[in-house]
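# A closer look at the structure
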Amino acid sequence: MEAIRLAPDARPDVWRGCLAWTEEGGSWQPWRLPPDRIATAHAPGLVTRARMPAGVRAVVRTDATALELRTHAVDDDVTSLDVVVDGALWRRTALTAGAATSHVALPPGPKAVEVWLPQFGEIRTGPLVLHGATYATAADEGLRWVTYGSSITQCRSAAGPGETWPALVARRLGWDLTCLGFAGECHLDPIAARAIARTPADLISLCLGINVYGSAGLGPRTLTGQVSGFIQAVRDAHPRAPVAVISPIVSPSRERLPNQAMMTLDDVRGAVTDAVTTLRRCGESDLHLVDGPAVFGAGDAHLLLPDGLHPSADGYRLMAGRLAPRLAALAPEP
């Protein structure tokens, strides 16, 4: 029986969570920012993160008996490849730098298969090959959810790409995820606002503030206005989509430690909160604030990594469990 080959350029209905693909050396490079405008980022670190496929996955209904995927990782920063069958993790494969071909046997009969590319590390991919399949159809699309944020949205320290908090929320609720989490690079960049504007969305969440605190790139005079402007640019493009703004989660050592712009993390959280409450007073009724410490607070600090900033794998599971009902309550009716 011939294998079915599903290439990203030929089957965009199967490959989800990516804004665009470019062909490089016979493989496909996923982009989480528009490659035709990536030069306007003027931030090499953001360009690198945009080439990392956090949240990018193939989703297919099939009776295949095995799958095969060829990948090429740029360096050893790459994490793992997750295969999910009927909603449950089936196989996790660690990846290293260089070319690799993953072969995964699948259970018999019809099933929904998801292949999640690594959430961290630059990687290119070949087509998804399904062996022993008589059919391969794209899975139904759920509510289109776009989420933007920092490393705490990209989730490098999650157990695997299918267990980042956005992936867990999307899988639990049956949503179609586009993850724009950029580790160290969530700075309210215009190219990120443009990417959200051009991406179909029924619900949008924005996790704002921690990278601004870390870089001290904005201060008391500029931060609140920049948050407000970013939210309004998103709203202009998606006038009917609910928008949830998540303020920074707890980082105990940073809460009252001034950065170089003389803002503590608590100050940054206050600026994000002020931007949202002001916009709501101006009539943005479908704009919602999610308090970061209510998602991950002081009582959860034992689930932070030793840096006191990033949640552990269990921490991201906790965040998913708390965010799923909050975001579901904001979702529009089908």
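These lines cover the structure that appears in this document, whether it is placed above or below. Everything numeric here is computed off the predicted structure, so don't read it as measured data. (Residues numbered from 1 in each chain as written. Predicted model: local features only at pLDDT ≥ 70, side-chain atom pairs only at ≥ 80, totals over all residues. Heavy atoms only, no water.)

### Section: the sheet that holds strand S16 (residues 243-246)
- Spatial ordering of the open sheet is given by S14-S13-S15-S16-S17, a layout of 5 strands whose pairing is parallel. The strands lining the two open edges of the sheet, one partner per strand, are strand S14 (176-181) and strand S17 (287-290). Neighbour-to-neighbour, the strand axes of the sheet open up by a mean angle of 15°, direction not taken into account.
- By the bridge criterion, 6 bridges tie strand S13 (residues 144-149) to S14 in an arrangement that is parallel. Each bridged residue has a counterpart across the sheet, and for Arg144 the counterpart in S14 is Asp176.
- In the packing of helix H3 (residues 165-173) onto the sheet, contacts are made with S13, S14, strand S15 (203-207) and S16, and the angle to S13 comes to roughly 165°.
- Lying on the sheet, helix H7 (residues 265-281) is in contact with S16 and S17; it crosses S17 at an angle near 155°. (Pairing = 2+ DSSP bridges. Helix = DSSP H or I, 4+ residues; strand = E, 2+ residues; numbered from the N terminus. Axes fitted to C-alpha atoms, helices over the stretch in contact; angles between N-to-C directions. Contact = heavy atoms within 4.5 Å.)

### Thoughts on the packing of aromatic side chains
- Counted under the stated rule, the structure contains 5 aromatic pairs.
- On the numbers, 6.1 Å between centres and 45° between planes, the contact of Trp145 with Trp165 is tilted. Taken together, the residues span a long stretch of sequence, with Trp145 in strand S13 and Trp165 in helix H3 at a distance of 20 residues. When sorted by exposure, Trp145 lands in the same class as Trp165, which is buried.
- Geometrically, the ring pair formed by Tyr148 and Phe230 is stacked, given 5.1 Å between the ring centres and 15° between the ring planes. In this pair, Tyr148 sits in strand S13 while Phe230 sits in helix H6 (residues 223-237), placing the two residues 82 residues apart along the sequence.
- A relative accessible area of 0% places Tyr148 in the buried class.
- Every member of this aromatic cluster is reached through a ring pair, and the members are Trp145, Trp165 and Trp175.
- Taking NZ or CZ as reference, Arg57 lies 5.2 Å from the ring centre of Trp116, over its face. (Phe/Tyr/Trp six-rings, centres within 6.5 Å; stacked < 30°, edge-to-face > 60°. Buried < 20%, exposed > 50% of the residue type's maximum accessible area, 1.4 Å probe, protein only. Lys NZ or Arg CZ within 6 Å of the ring centre and 35° of its normal.)

### Let's talk about unusual backbone geometry
- In this structure, His42 takes a positive phi of about 55° despite not being glycine.
- Mapping His42 onto the fold places it in the loop between strand S4 (27-31) and helix H1 (44-50).
- Even without being a glycine, Asp86 presents a positive backbone phi close to 50°.
- Turning to its location among the elements, Asp86 is positioned in the loop between strand S7 (80-85) and strand S8 (88-94).

### Here's the deal with the nonpolar core
- In this structure, Trp145, Tyr148, Trp165 and Leu206 are the most contacted members of the largest nonpolar core, which totals 77 residues.
- Not counting residues within four places of it along the chain, the set of residues in contact with Trp165 comprises Trp145, Thr147, Ile152, Thr153, Cys155, Cys207, Ile246, Tyr316, Met319, Ala320, Leu323 and Leu327.
- Counting residues in hydrophobic clusters, the runner-up holds 29 residues, among them Ala7, Val14, Leu81 and Val113. (Core = buried A, V, L, I, M, F, W, Y, C linked by side-chain atoms within 4.5 Å.)

### Some words on the pattern of salt bridges
- Considering all chains together, one arrives at 16 salt bridges under this definition.
- Across the salt bridge formed by Arg198 and Asp36, the nearest N and O atoms sit 3.5 Å from each other. Residue Arg198 is located in the loop between helix H4 (190-197) and S15, and its partner Asp36 is located in the loop between S4 and H1; the two are separated by 162 residues in the primary sequence.
- The class of Arg198 is partly exposed, set by a relative accessible area of 46%.
- For the salt bridge of Glu122 with Arg51, the shortest nitrogen-to-oxygen distance reads 2.8 Å. Highlighted residues: Glu122 in the loop between strand S10 (111-116) and strand S11 (123-131) and Arg51 in the loop between H1 and strand S5 (57-62), separated in sequence by 71 residues. The same class applies to Glu122 as to Arg51, namely buried.
- Shared partners join several salt bridges into a network, and the residues in it are Asp82, Arg92, Glu163, Asp314 and Arg317. (Salt bridge = Lys/Arg side-chain N within 4 Å of Asp/Glu carboxyl O.)

### What about H3?
- Within H3, burial applies to Trp165, Pro166, Ala167, Leu168, Val169 and Ala170.
- Just beyond H3, the residue with positive phi is Gly174, at close to 70°.

### Examining the packing of H6 against H7
- The N-to-C vectors of H6 and H7 enclose an angle of 50°; their axes lie 9 Å apart at closest approach. Comparing their axes, H7 and H6 come out oblique. Crossing of H6 over H7 shows right-handed handedness. In contact with Leu223, Thr224, Val227, Ser228, Ile231 and Gln232 of H6, H7 contributes Val268, Ala271, Val272, Asp274, Ala275, Val276 and Leu279.
- For the contact of H6 with H7, the residue count by class is 9 nonpolar, 3 polar and 1 charged. (Parallel < 35°, antiparallel > 145°, perpendicular 65-115°, else oblique. Left-handed = near helix turned anticlockwise from the far one by under 90°. Nonpolar A, V, L, I, M, F, W, Y, C, P; charged D, E, K, R; others polar.)

### Things to note about the pairing of S16
- The two faces of S16 match: Val243 and Val245 on one face and Ala244 and Ile246 on the other face are all buried.
- Two elements, S15 and S16, share 4 bridges in a ladder whose sense is parallel. Note on S16: the bridge partner recorded for Ile204 is Val243.
- In the sheet, S16 pairs with S17 via 4 bridges, with the strands oriented parallel. The residue of S17 that forms the bridge with Val243 is Leu287.

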